[in-house]
Amino acid sequence: MPPKKGEEPKALPLIGRFGTSLKIGIVGLPNVGKSTFFNVLTKSQASAENFPFCTIDPNESRVPVPDERFDYLCEYHKPASKVPAFLNVVDIAGLVKGAHAGQGLGNAFLSHISACDAIFHMTRAFEDEDIIHVEGSVDPVRDIEIIHEELRLKDEEFIMPIIDKLEKVAVRGSDKKLKPEYDIMCKIKNWVIDEKKHVRFCRDWNEKEIDVLNKHLFLTSKPMIYLVNLSEKDYIRKKNKWLAKIKEWVDKHDPGALVIPFSGGVELKFQDMSDEEKQKYLEENKTQSVLTKIIKSGYAALLLEYFFTAGPDEVRAWTIRKGTKAPQAAGKIHTDFEKGFIMAEVMKFEDFKEGGTESAVKAAGKYRQLGRNYIVEDGDIIFFKFNTPQQPKKK
């Protein structure tokens, strides 16, 4: 039934784990540059050695999300405390062909991916005789297909026991309440096992189906960003024979997914340079770092955003899921803010920057007082008003 006039069509729930302490995992075959990239991201030193299983325990790190708006607010207020938003990144050991069946260190890796909510899928497009390739040659499209198939096969293993159990109670047994879930699992089985496609490739899951998908959190439902690791030379000249083939494959199989070419070697070089040396290198080679773009894309892939609270005591970015309403956003600061929510006083960052002061934003009529149905937008600067919940009287 179409929505009544004046009614917004209801937004579908998001696929994935609910919450804000979500993680993105770096996944790929061995020796494609995952640990180097992780080291660059976190400036830590995970053992980036040249053999297939040098990362076994996943290294985890919190990476600050670069944001010019946050920097501007800190410069303006000069606060005692500065708290940016963070992206939780996990470096997962290399997957090999047959990982779903326990090849290499397969099952442990797949459980590490299972604990993540999105994937940086790293593939290697550089030749280097000193760095062995587990498949014997460089072919990033083949490598992408190996990882995709391993994740799909692992989901296949998850799906069959769920269907068998549901069939026992909902079809052969008497619990008819579970019949709709059984039907949905059959649709998922048809998509993943019979058609051999990833869950996220289907664009028309409905609300009930998404509820079932979120109950099981299949590996192939996790959003993916493709990182193509190039040599320094190819990165600077913006040319590599594999780039067009990778883009073509992603557009065909995972339409809408981001493909970001970068060079682990170049980004690693920047770690040891002063700001002046880095600037000189960038100008001489007419190139730029894509690290900020990668971090921001990872954060967006987790369907996260943030609002700011700002003043002389603290400038802070508060992480929320996309689509969060004002009272729940207030609850991120303190549960009392949500319980006693009165209103959110909101100004857009752009209006604040343009006006120069809060008073100027108010004078321009752009300082808004919004109620509990307001959906917070990325970059809002908010001051919450709330009643303190009354404490129960002692008898």
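Counting from 1, residues in each chain are numbered in the order their sequence is written. Where local features are concerned, this predicted model is filtered to residues with pLDDT of at least 70; where side-chain atom pairs are given and counted, the filter is 80 or more; whole-chain, interface and lining totals use all residues. Side-chain calculation: all heavy atoms of the structure are included, whereas hydrogens and water are not.

Caption draft 1: Here's a closer look at the side chain of Glu 345. Inspection of the secondary structure puts Glu 345 in strand 10 (residues 341-347). Separated by 2.9 Å, the side chains of Glu 345 and Tyr 367 make a polar contact. Side chain to side chain, Glu 345 and Lys 385 meet in a polar contact 3.1 Å long. By definition, any uninterrupted DSSP run of H or I lasting at least four residues is a helix, any uninterrupted run of E lasting at least two residues is a strand, and each is numbered from the N terminus. Side-chain atoms alone can form a polar contact between residues adjacent in sequence; in general such a contact is a pair of N or O atoms within 3.5 Å, and within protein one must be able to donate a hydrogen while the other accepts it.

Caption draft 2: Geometry of the pattern of salt bridges. Whenever a carboxyl oxygen of Asp or Glu lies within 4 Å of a side-chain nitrogen of Lys or Arg, that contact is scored as a salt bridge. In total, this model carries 24 salt bridges according to the counting rule given. A network of salt bridges, in which partner residues are shared, links Asp 67, Arg 69 and Asp 378.

Caption draft 3: Inspection of the environment of Lys 165 at higher detail. Following the sequence through the fold, Lys 165 ends up in helix 4 (residues 140-172). Each C-alpha atom of the pair Lys 165 and Tyr 182 lies 9.2 Å from the other, and the pair is 17 residues apart in sequence.

Caption draft 4: Highlighting unusual backbone geometry. The phi dihedral of Lys 286 falls on the positive side, at around 50 degrees, and the residue is not glycine. On the secondary structure map, Lys 286 appears in the loop between helix 10 (275-285) and helix 11 (291-301). Despite not being glycine, Leu 303 shows a phi value in the positive range, around 60 degrees. Among the structural elements, Leu 303 can be located in the loop between helix 11 and strand 8 (304-310). Per-residue accessibility, obtained with a 1.4 Å probe over protein chains only, is compared with the maximum for each type, and a residue is labelled buried under 20%, exposed over 50%, and partly exposed between these values. Owing to a relative accessible area of 23%, Leu 303 belongs among the partly exposed residues under this scheme.

Caption draft 5: Here's a closer look at helix 2 (residues 68-77). Within helix 2 the residues assigned to the buried category are Arg 69, Phe 70, Leu 73 and Cys 74. Looking straight down helix 2, one finds its buried side chains confined to an arc of 135 degrees; they lie on one side. Across from the buried face of helix 2, at angles greater than 90 degrees, the exposed residues are Glu 68 and Glu 75. Should any heavy atoms of two residues lie within 4.5 Å, those residues are considered in contact. For helix 2, the elements touching its buried residues are strand 3 (81-83), strand 8, strand 9 (314-321), helix 14 (349-355) and strand 12 (381-386). Where helix 2 begins, the side chain of Asp 67 points an oxygen toward the backbone nitrogen of Arg 69, at a separation of 2.7 Å. By construction, the arc corresponds to the directions joining the helix axis to the C-beta atoms.

Caption draft 6: Structural view of the nonpolar core. Grouping buried Ala, Val, Leu, Ile, Met, Phe, Trp, Tyr and Cys residues that are joined through side-chain atoms within 4.5 Å yields what is termed a nonpolar core. Counting residues in each nonpolar core, the largest one holds 73 residues, and the members touching the most others are Phe 37, Leu 87, Phe 120 and Leu 227. Residues in contact with Leu 87, not counting those within four places in the same chain, are Ile 24, Ser 61, Arg 62, Val 63, Val 65, Phe 120, Ile 295, Gly 298, Tyr 299 and Leu 302. Ile 188, Val 199, Val 212 and Leu 213 belong to the second-largest nonpolar core, a separate cluster that totals 20 residues.

Caption draft 7: Molecular detail of the packing of helix 4 against helix 5 (residues 179-194). At a minimum axis separation of 9 Å, helix 4 and helix 5 run at an interaxial angle of 155 degrees. Classified by the angle between their axes, helix 4 and helix 5 sit roughly antiparallel to one another. Crossing geometry of helix 4 relative to helix 5 is assigned as left-handed. Along the contact surface, helix 4 presents Arg 152, Asp 155, Glu 156, Ile 159, Met 160, Ile 162, Ile 163, Leu 166, Glu 167, Ala 170 and Val 171, while helix 5 presents Lys 179, Glu 181, Tyr 182, Met 185, Cys 186, Ile 188, Lys 189, Val 192 and Ile 193. Ten residue types, Ala, Val, Leu, Ile, Met, Phe, Trp, Tyr, Cys and Pro, are classed as nonpolar, four, Asp, Glu, Lys and Arg, as charged, and the remainder, Gly among them, as polar. Looking at side-chain class alone, the contact of helix 4 with helix 5 contains 13 nonpolar, no polar and 7 charged residues. Where helices are involved, their axes are fitted lines through C-alpha atoms of the stretch in contact, as for all axes, and angles between N-to-C directions lie from 0 to 180°. In what follows, roughly perpendicular refers to angles from 65 to 115 degrees, roughly parallel to angles under 35, roughly antiparallel to angles over 145, and oblique to any angle outside these ranges. Should the near helix be turned anticlockwise from the far one by less than a right angle, the crossing is termed left-handed; should it be turned clockwise, right-handed.

Caption draft 8: Fine view of the sheet that holds strand 2 (residues 59-64). DSSP calls a pair of strands paired once it identifies at least 2 bridges connecting them. Pairing in this open sheet of 6 strands is mixed, and the strands run 2-4-1-5-6-7 from one edge to the other. What marks the edges here is a single partner per strand, and that holds for strand 2 and strand 7 (259-262). Each strand of the sheet is rotated relative to its neighbour by a mean of 25 degrees, with strand direction disregarded. By the bridge criterion, 4 bridges tie strand 6 (residues 224-229) to strand 7 in an arrangement that is parallel. Its bridge partner being in strand 7, Val 228 is matched across the sheet by Pro 261.

Caption draft 9: View of the environment of Leu 87. Secondary-structure assignment places Leu 87 in strand 4 (residues 86-91). For the pair Leu 87 and Lys 296, spaced 209 residues apart in the sequence, the C-alpha separation amounts to 8.5 Å.

Caption draft 10: Inspection of the packing of aromatic side chains at higher detail. Here a pair means two rings of Phe, Tyr or Trp (six-membered ring of Trp) with centres within 6.5 Å. Their orientation is stacked below 30 degrees between planes, edge-to-face above 60, and tilted elsewhere. One pass over the full model with this rule turns up 13 aromatic pairs. Ring pairing ties together the aromatic residues Phe 70, Tyr 299, Tyr 306 and Phe 308, which thus form one cluster. A positively charged side chain is recorded as over a ring if its NZ (Lys) or CZ (Arg) lies within 6 Å of the ring centre. The angle to the ring normal must also be within 35 degrees. Here Arg 124 stacks its cationic end above the ring of Phe 126, 4.5 Å away from the centre of that ring. Above the plane of the ring of Trp 242 lies Lys 245, whose end atom (NZ or CZ) is 4.7 Å from the centre.

Caption draft 11: Structural detail: the side chain of Thr 324. Inspection of the secondary structure puts Thr 324 in the loop between strand 9 and helix 12 (326-333). When its relative accessible area of 14% is taken as the criterion, Thr 324 is described as buried. Reaching out from Thr 324, the side chain makes a polar contact with the backbone oxygen of Arg 321 at a distance of 2.6 Å. When near neighbours in sequence (up to four residues on either side) are disregarded, Thr 324 contacts Ala 329, Tyr 374, Ile 375 and Val 376.

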